[in-house]
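Listed below are the residues making up each chain.
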Amino acid sequence: MGGYGDVKLLREDGLRLDGRKVDEMREVEIEAGILPAADGSAWVKHGLNVAVCAVYGPMEAHPRKIQRQDRAVIDVRYNMAPFSTSDRIRPGYNRRSREISKVTAEALESVVLVERFPRSKIRVEIEILAAEAGTRCVGITAAAVALADAGIPMRDLIVGVASGKIEDTVVLDLDKAEDNYGQADLPMGILPTTGEIAFLQMDGDLSFEEYNTCMEYNLKAAREIHVLMIDALKRRYLEKNGGEA
Amino acid sequence: MSGAKEGAELRLVTPGEAIGASSGARAGTGTLIMGDKIIATRVGWAKENNGVTSVDPIHAAYMPRSGDLIIGVVESVRNNLWFADVNGPFNGLLPMSLAPWKVEFGAAREQMDIGDVMLARVQEVDEAHNVVLTMKGVGLRRLKEGVMSEISMNHISRLRGDADSTLRQLKEVSDCRVIVAENGRVWVDGDADGIAFMRTVLDLVRNEGHMATFNASLEALIENRRNA
């Protein structure tokens with residue numbers, strides 16, 4: 001069934017190598033408004049992944065050829081820091097970061113009310129400081145919090161989550177070993193309030209039943225992360241405000 | 001307006017959060033009707049007023065509306081028009097016909113050059129966000145002296161107070177001319193001491209403008225200045 005036959009990813013007791021249950025997420029921490037120079041910003045730690053996102057705008061779209069007369073364009077730049085992985089990454093744009101920037105922009109366009117800002121551009125800069133599988137999902141989550149923090153009108157927040165398959169077992173939130181040696185990976189961007197899916201990619205093979213289990217896990221995780229996102233956004237103002245609303 | 005959050009029924013909401021049923025209520029600014037619910041589209045304080053549910057955003061970009069008094073900074077000059085940064089997503093355009101001077105074609109720079117600051121009004125905004133400014137009107141002019149600084153959009157009402165009461169007090173104790181423009185820019189002119197006092201006030205607005213304790217802190221500052 002594909003994969004790397006001899007790599008053990010599940011322990012005898014049914015838990016995963018890092019001790020998580022199959023439907024257990026890595027620990028997530030979120031902070032909003034960490035960058036004073038940006039219009040909106042967020043910091044997300046998801047397991048060992050660390051992402052920082054800054055949002056600027058809306059501003060006049062330049063170069064002019066990217067302007068849309070009826071809506072704003074979202075300009076996403078996803079970038080991994082050279083020190084984010086064990087092998088140094090060559091700084092700058094590459095094929096992978098271009099792809100992730102593009103799919104992230106498309107996912108965000110479905111939640112941001114882009115038609116409110118014709119001819120404008122909203123710049124979203126996602127910087128991955130530490131990577132441990134699932135950075136595109138962490139980037140999407142960070143971007144959603146940063147956009148909300150910047151006061152950009154949105155239909156909903158969007159949460160990036162992933163499930164996958166290791167040793168013929170569906171698991172939630174793959175870590176690095178599971179991502180590298182597992183059989184499938186299904187990252188998704190979910191609108192937690194309505195349960196809509198704004199972004200979906202699949203790497204590897206999943207049966208229909210396995211796919212449904214992944215969906216179920218992802219929706220569950222999205223709701224959990226959504227609570228943390230709201231908490232981060234509210235904490236920013238309520239704490240400074242002496243806890244009163 | 002963050003100043004309105006002293007009311008008991010206000011609550012902090014985030015995008016996507018349901019803030020009421022759509023039947024019987026109208027969706028105001030910062031909200032959207034989705035199915036049978038009204039949802040918030042911004043982080044801010046949800047409120048209901050005369051059957052209109054709306055969200056006062058905590059952080060928002062300046063969106064020009066016609067009639068706004070704004071402070072603009074000239075960004076580029078053409079033969080017969082100026083482009084000004086109005087602290088919004090798009091530059092404002094000031095045509096020669098709406099400027100207070102009669103200037104020959106090509107001599108626009110002689111009146112106002114890049115970096116100059118102007119007090120202007122928004123003449124019109126079209127659906128594509130083209131902003132036209134005017135400097136024809138009482139008090140509209142090029143600001144040649146004084147200092148300009150920026151505060152966040154949602155703090156404007158706190159600096160002004162009810163019916164401009166706070167602003168009047170500040171003008172009186174600082175002995176400065178102060179203009180709080182609709183685009184979040186504040187112009188202050190007076191003696192050095194007065195300007196320094198206004199700087200501390202603006203710092204307070206920036207750092208504590210969203211807090212419930214803001215008015216008390218500002219009162220203390222004004223009181224201090226009166227007794228000094």
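Residues numbered from 1 in each chain as written. Chains lettered and ligands numbered in written order. Predicted model: local features only at pLDDT ≥ 70, side-chain atom pairs only at ≥ 80, totals over all residues.

### Concerning the domain arrangement of chain B
Residue and element names in this part refer to chain B. Once the domains are mapped, chain B shows domain 1 (2-57), domain 2 (69-143) and domain 3 (147-227). For domain 2 and domain 3, the distance between their C-alpha centroids amounts to 26 Å. Tallying the contact residues gives nine residues for domain 2 and nine residues for domain 3. Sorting the residues of the side of domain 2 that touches domain 3 by element identifies β8 (69-77) and β11 (117-125) as the ones contributing at least two each. (Domains from an automatic or database assignment. Contact = placed C-beta atoms within 7 Å. Helix = DSSP H or I, 4+ residues; strand = E, 2+ residues; numbered from the N terminus.)

### Some details on the sheet that holds strand β16 (residues 185-189) of chain B
All names here are of chain B. Taken together, the three strands give an open sheet; going across it, the order is β14-β16-β15, and neighbouring strands pair in antiparallel fashion. Unpaired on one side and paired on the other, β14 (147-150) and β15 (177-180) mark the two borders of the sheet. Taken pair by pair, the neighbouring strands of this sheet meet at an average axis angle of 15°, ignoring direction. Contacting β14, β15 and β16, helix α4 (residues 192-208) runs over the sheet at an angle of about 160° to β16. (Pairing = 2+ DSSP bridges. Axes fitted to C-alpha atoms, helices over the stretch in contact; angles between N-to-C directions.)

### A word on the interface of chain A and chain B
Taken together, the contact pairs 31 residues of chain A with 23 residues of chain B. For the side of chain A that touches chain B, the elements supplying multiple residues, two or more each, are β3 (49-60), α2 (135-149) and α4 (208-238) of chain A. At five residues, the largest contribution of residues to the side of chain A that touches chain B is made by α4(A). For the side of chain A that touches chain B, the residue count by class is 15 nonpolar, eight polar and eight charged. (Nonpolar A, V, L, I, M, F, W, Y, C, P; charged D, E, K, R; others polar.)

### Re the nonpolar core
C53(A), A142(A), V145(A) and L147(A) are the most contacted members of the largest nonpolar core, which totals 84 residues. Non-local contacts of C53(A), meaning those with residues more than four positions away in its chain, are made with S41(A), A42(A), V124(A), E125(A), I126(A), G139(A), A142(A), A143(A) and A146(A). Listed in part, the 36 residues of the second largest apolar core include A61(B), Y62(B), V186(B) and V188(B). (Core = buried A, V, L, I, M, F, W, Y, C linked by C-beta atoms within 7 Å. Buried ≥ 20, exposed ≤ 12 C-beta atoms within 10 Å, placed from the backbone.)

### Concerning the confidence of the model for chain B
Residues and elements named next belong to chain B. Per-residue confidence for chain B averages 89 on the pLDDT scale, and 96% of its residues sit at or above 70. For residues 1-8, every residue scores under 50 in pLDDT, and the model assigns this stretch 14 contacts once sequence neighbours within four places are set aside. The complex prediction reports pTM at 0.89, with the ipTM value standing at 0.86. (pLDDT = per-residue confidence, 0-100.)

### Re the sheet that holds strand β6 (residues 44-49) of chain B
Here we have four strands laid out as an open sheet, ordered β1-β6-β7-β3 (chain B), and mixed in their pairing. For this open sheet the edge positions go to β1 (11-13) and β3 (26-27) of chain B, each flanked by a neighbour on one side alone.

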